[in-house]
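Architecture and fold: a report
The chain contents come next:
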There are 2 protein chains.
Amino acid sequence: MTVSRALSDHPNVRPDTRKAVQDHARKVGYVKNAAAKAMRGDGTKIVGLLLPNIVNEFYARFANTLAQSCEDLSLHLIIHLTNDDPETELRAFERLHEVQAMSVIHVPAPGAVRNVSAHLNGVNVIQLIREQNMGQPVSSILVEDHRAIGEAVQHLAGLGHQSIGYIGADERLSSGRARRAAFEAGLASAGLARDDRLITLGAPDFSTGQRNAARLLATGNVTAIVCGGFEISNGVLSVFLEADQDVVQGMGFVGYGDPSYYAWLGGGVSTIAMQVDELAQEAARLAACPAEEQPVNRRAFEASFVARNTHLAPMRGGG
Amino acid sequence: MTVSRALSDHPNVRPDTRKAVQDHARKVGYVKNAAAKAMRGDGTKIVGLLLPNIVNEFYARFANTLAQSCEDLSLHLIIHLTNDDPETELRAFERLHEVQAMSVIHVPAPGAVRNVSAHLNGVNVIQLIREQNMGQPVSSILVEDHRAIGEAVQHLAGLGHQSIGYIGADERLSSGRARRAAFEAGLASAGLARDDRLITLGAPDFSTGQRNAARLLATGNVTAIVCGGFEISNGVLSVFLEADQDVVQGMGFVGYGDPSYYAWLGGGVSTIAMQVDELAQEAARLAACPAEEQPVNRRAFEASFVARNTHLAPMRGGG
DNA sequence: GTGAAAGCGCTAACAA
DNA sequence: TTGTTAGCGCTTTCAC
């Protein structure tokens, strides 16, 4: 059809014909059928995003910026929540395979490698935050937080803390391993001895933060806590904010991630902050190219330590 | 092909053949091509979600719960951010038309009706929070906040406030009109006179909240502020939290929406809370049916007034 | 500069 | 119970 050529801006169409066709298409709201294009093998412009959840402000901001970039690049963004569950993650990959997603950006769930590889043919896979073997080469966008975590520990040490606890993700996550190592390196460079009883690990979720914070506070032999995860940080913080004032009096706290309200809570929460928007833009950049044209890529963005009121002010009502 | 029948659980296939086919499909990770299904006219299982943004915790929680429901219902959720801009919204509808979305859930952007109707053929449209004429029958899921806003005003009046300001969305939004009316009704039932200078309206965004809060505080003749929008509430709150202590001393504040941290800020922020999860589940329920089988539906969920420390405690650092 | 044919993966309808 | 045909909307190839 000449119509098809006109709509695709092909040169071999009389200019007036082309214009007439295009104008009419716009008038009647015609758009090309993506399914038909996909079936011919033209690719889909679909980007999948797999996140543990989208309520945590870090993930929300990432998704927000990514979605903006996708609008600009005319990509379709399909979101799947994994709850950090490998089974759910597998199903998400399956669904994205059905619609022939061009790229998938994902925060790998903890746990063993499952048979996802069957769903990854020709898919441009981009890992975020964490790295996990997928049985095929993948790109990754990481956060380099070694230095920032070290600074956090030294900051606490400088305030006189000698018993600093750590709550983070366990060894099933690459990020869990790296952050724990960074914490221990920080202790060493601050001249503090490591006490394994003060290092508590678990799944990267809110309840791990809650549970371990309560446990560390209960022992009474910890004077500060450093967090190694977004959800964990929120969980720990919830315990601090709801604890009796005399229990947390003088306790040091360093969160992970920097949601907007951390600056407002308890006089300002010290934290490890990352360049969310830059992460998301890089992700969009990588996701925009089909797998075959996209060389595998590995890039890390440096995190920073934000010092605020490391000792949370107790909350008090105003009336 | 017998294979197709086997995979579709068609009865006319020898049971052992069927099982063999299904097992093999699972083993090699075969999934049906959604594009081919769509091209036959079988529909797409794609649900579009159009939100102003996804960082605001109300929208984030809505999207989160909706995404969960979509996983359960095997629907694909495509997210588009509109920034409350009609042009961007129009482009999003266009993109969803391309992929033949089955349903679109959207928070209508303020402004005139544009020619979206061309992109809505056979689409199950579900409006959220706000209502706007789309030139065709649509379902809507609303928040009934008249009573809650009235309670908020009466609560403030009960605390002795006589000059209560209001910051909300303007008349371009159905929700803006309704909430303003609810505020005025609240004043009336509290026996307070309406002062139009204390009622400030604008776009439903953060800066509207910031700007008008600063303005109302500067005039000095307002002792409390009620917010009529999610983003607006956050904007107003940011001004309160960053203002000099003596300026906001004794000021009353009622926010809109109930993000998790409102309970922690300044001793607890009083607010209008809504049943986010219920809204999202209802949205998923409506979105799961194709347009032709879905009778148009209009449902409202009651909001509630949550009284906390209506007078924000000033923030102070702890060390 | 324009049209005709073919095929992408799938399933409803019909034929065997 | 299984196989064949046809067509969904699009673009590439080839013919005119």
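Reading the values: the criteria
- Residues numbered from 1 in each chain as written.
- Chains lettered and ligands numbered in written order.
- Predicted model: local features only at pLDDT ≥ 70, side-chain atom pairs only at ≥ 80, totals over all residues.
- Heavy atoms only, no water.
- Pairing = 2+ DSSP bridges.
- Helix = DSSP H or I, 4+ residues; strand = E, 2+ residues; numbered from the N terminus.
- Axes fitted to C-alpha atoms, helices over the stretch in contact; angles between N-to-C directions.
- Contact = heavy atoms within 4.5 Å.
- Domains from an automatic or database assignment.
- Buried area = accessible area lost by both parts, 1.4 Å probe.
- Polar contact = N/O pair within 3.5 Å; in protein donor to acceptor, adjacent residues only side chain to side chain.
- Nonpolar A, V, L, I, M, F, W, Y, C, P; charged D, E, K, R; others polar.
- Least-squares fit on C-alpha atoms with pLDDT ≥ 70 in both.
- Near = heavy atom within 4 Å.
- Salt bridge = Lys/Arg side-chain N within 4 Å of Asp/Glu carboxyl O.
- Parallel < 35°, antiparallel > 145°, perpendicular 65-115°, else oblique.
- Left-handed = near helix turned anticlockwise from the far one by under 90°.
- Buried < 20%, exposed > 50% of the residue type's maximum accessible area, 1.4 Å probe, protein only.

To summarise the sheet geometry, strands pair through backbone hydrogen bonds and adopt either a parallel or an antiparallel arrangement. Residue and element names in this part refer to chain B. The strand order across the open sheet formed by 6 strands is S7-S6-S8-S9-S10-S12, and the pairing between neighbours is mixed. Pairing within the sheet leaves two strands with one partner each, and these edge strands are strand S7 (199–202) and strand S12 (304–306). Strand after strand, the sheet turns through a mean of 20 degrees between neighbouring axes, direction not considered. As defined by bridge partners, strand S10 (residues 271–273) adjoins S12 across 3 bridges and the pair is classed as antiparallel. Bridge pairing links Ile272 to Phe305 in S12. Contacting strand S6 (164–169), S7 and strand S8 (224–228), helix H8 (residues 206–219) crosses the sheet at an angle of about 160 degrees to S6. Against the sheet, helix H9 (residues 230–242) engages S6, S8 and strand S9 (252–256), with an angle of about 150 degrees to S9.

Residues and elements named next belong to chain A. Per the domain assignment, the segments making up chain A are domain 1 (34–143 + 276–288) and domain 2 (146–273 + 305–316). Computed over C-alpha atoms only, the centres of domain 1 and domain 2 are separated by 30 Å. On the domain 2 side, the residues contacting the 15 residues of domain 1 number 13 residues. Buried area between domain 1 and domain 2, both sides added, is near 1100 Å², and the carbon and sulfur share of it is 54%. Among the residues domain 1 hides against domain 2, the three largest losses belong to Glu57, Pro110 and Arg130. Together they make up 41% of the total. Applying the counting criterion to the domain 1 and domain 2 interface returns 4 residue pairs in polar contact (both at pLDDT 80 or more). For the side of domain 1 that touches domain 2, the class distribution of residues is 7 nonpolar, 4 polar and 4 charged.

As a further point, take the relation of the copies chain B and chain A. Take chain B, turn it by 180 degrees, move it 0.0 Å along the axis, and it overlays chain A with an RMSD of 0.1 Å. Here the symmetry operator amounts to a two-fold rotation axis. In this assembly the copies share their binding face: 100% of the residues contributing to the interface of chain B also contribute to that of chain A.

Around DNA strand D sit 18 residues in total, of which Ser4(A), Tyr30(A), Arg40(A), Arg5(B) and Met39(B) are the nearest. Sugar plus phosphate: this is where 63% of the atoms of DNA strand D within 4 Å of the protein reside. Take Arg40(A): an N or O atom from its side chain is 3.1 Å from a sugar or linking oxygen of DNA strand D. In the environment of DNA strand D, a base nitrogen lies 3.3 Å from a nitrogen or oxygen atom belonging to the side chain of Arg40(B). Elements supplying a minimum of two residues to the surface near DNA strand D: helix H3 (34–39) of chain A together with helix H1 (2–7) of chain B.

Contacts between chain B and chain A engage 54 residues on the former and 54 residues on the latter. Summed over both partners, the interface of chain B with chain A comes to about 5000 Å²; 61% of that surface belongs to carbon and sulfur atoms. Taken as a group, Glu71(B), His76(B) and Trp264(B) account for 15% of the area that chain B buries against chain A, more than any other trio of residues on that side. The interface formed by chain B and chain A contains 0 salt bridges. The tally of links between chain B and chain A comes to 18 residue pairs in polar contact (both at pLDDT 80 or more). Elements with a contribution of two residues or more to the side of chain B that touches chain A: helix H3 (34–39), helix H4 (57–72), strand S2 (76–81), helix H5 (86–98) and H9 of chain B. When residues in the side of chain B that touches chain A are grouped by element, the largest group, 7 residues, is from H4(B).

The packing of two helices is summarised by the inter-axis angle and the distance between the axes. All names here are of chain A. Packing of helix H6 (residues 146–158) against helix H7 (residues 174–189) leaves a shortest axis separation of 8 Å and a crossing angle of 45 degrees. The angle between the axes of H6 and H7 places the two elements in the oblique class. Handedness of the H6/H7 crossing: right-handed. Across the interface between the two elements, His146, Ile149, Gly150, Val153 and Gln154 from H6 touch Arg179, Ala181, Ala182, Phe183, Ala185, Gly186, Leu187 and Ser189 from H7.

This model, assessed by the stated rule, comprises 41 salt bridges over all chains. One salt bridge in this structure joins Arg194(B) and Glu184(B), with 3.1 Å as the shortest N-O distance. With Arg194(B) in the loop between helix H7 (174–189) and S7 and Glu184(B) in helix H7, this pair connects stretches of sequence that are 10 residues apart. You can call Arg194(B) partly exposed: its relative accessible area is 48%. Connected via shared salt-bridge partners are Arg180(A), Glu184(A), Arg194(A) and Asp196(A).

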